[in-house]
Amino acid sequence: MEYVYAALILNETDEELNEDNLTNVLDAAGVDVEESRVKALVAALEDVDIDEAVSEAAAVPAAGAAAGGAAAGEAAGDDDEEAEETSDVPDTTDDDEDEDDDAGGEGLGELFG
């Protein structure tokens, strides 16, 4: 990780990203430098626009957080529905009224026979 940080420091200070500069930054930070890792990093970053890569990487978590937030909101909505189904509020549907209407109708039918 310190090798990547050294490359970012060189990029931020507008220094050329080469083996000597990278080694100097790592030495200054007190890192035991492995030449093979320095060479591999310099070769890997040769055709990379670091500023663009950093801005793209910064945009990904923001988009991920927005998507994650929406999913969390949907999950919270599911919990609300479950809470409604298992609430202690009595059921006041129209079934009770239909029974009352039927009972009243039977009584009137008997009156007018």
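Owing to the predicted nature of the structure, the values given are computational and were not obtained by experimental measurement.

A. A negative patch on the surface, seen in detail. Taken together, the side chains of Glu12, Asp14, Glu15, Glu16, Asp49, Asp51, Glu52 and Glu56 make up a negatively charged region of the molecular surface. The leading source of residues in the negative patch is helix 4 (residues 50–85), at 3 residues. As for its placement among the helices and strands, Asp49 is situated in the loop between helix 3 (35–44) and helix 4. Classification of Asp49 by relative accessible area gives partly exposed; the value is 44%.

B. Structural context of the nonpolar core. Within the largest apolar cluster, 12 residues are counted, these being Tyr3, Ala6, Ala7, Leu10, Leu22, Leu26, Val31, Val38, Leu41, Val42, Leu45 and Ile50. Counting residues per element, the ones that place at least two in this core are helix 1 (2–12), helix 2 (19–28) and helix 3. Element by element, the count of residues in this core is highest for helix 1, at 4 residues. Once residues within four sequence positions are removed from consideration, Leu22 is found in contact with Tyr3, Ala6, Ala7, Leu10, Leu17, Val38, Leu41 and Val42.

C. Spotlight on unusual backbone geometry. The backbone phi angle of Asp14 is positive, close to 60°, even though this residue is not glycine. Tracing the sequence through the fold places Asp14 in the loop between helix 1 and helix 2. When its relative accessible area of 70% is taken as the criterion, Asp14 is described as exposed.

D. Representation of helix 3. Every buried residue of helix 3 is listed here: Val38, Leu41 and Val42. Around the axis of helix 3, the buried residues are gathered within 100° of arc, so they sit on the same side. Facing away from the buried surface of helix 3 by more than 90 degrees, the exposed residues are Ser36 and Ala44.

E. Structural context of the packing of helix 2 against helix 3. It is the contact of helix 2 with helix 3, at a shortest axis distance of 10 Å, that shows an interaxial angle of 125°. Regarding the angle of helix 2 to helix 3, the classification is oblique. Along this stretch, helix 2 crosses helix 3, giving a crossing that reads as right-handed. Contact with helix 2, carried on its side by Glu19, Leu22, Thr23 and Leu26, involves Glu35, Val38, Lys39, Leu41 and Val42 of helix 3 and no other residues of that element.

Analysis parameters
Residues numbered from 1 in each chain as written. Predicted model: local features only at pLDDT ≥ 70, side-chain atom pairs only at ≥ 80, totals over all residues. Heavy atoms only, no water. Patch = residues over 30% accessible without salt bridge, like charges linked within 9 Å, V, L, I, M, F, W, Y side chains within 5 Å. Areas by Shrake-Rupley, 256 points an atom, 1.4 Å probe, with all protein chains shown as cover. Salt bridge = Lys/Arg side-chain N within 4 Å of Asp/Glu carboxyl O. Lys, Arg positive; Asp, Glu negative; His and termini not counted. Charge placed at Lys NZ, Arg CZ, Asp CG, Glu CD. Helix = DSSP H or I, 4+ residues; strand = E, 2+ residues; numbered from the N terminus. Buried < 20%, exposed > 50% of the residue type's maximum accessible area, 1.4 Å probe, protein only. Core = buried A, V, L, I, M, F, W, Y, C linked by side-chain atoms within 4.5 Å. Contact = heavy atoms within 4.5 Å. Arc of directions from axis to C-beta. Axes fitted to C-alpha atoms, helices over the stretch in contact; angles between N-to-C directions. Parallel < 35°, antiparallel > 145°, perpendicular 65-115°, else oblique. Left-handed = near helix turned anticlockwise from the far one by under 90°.

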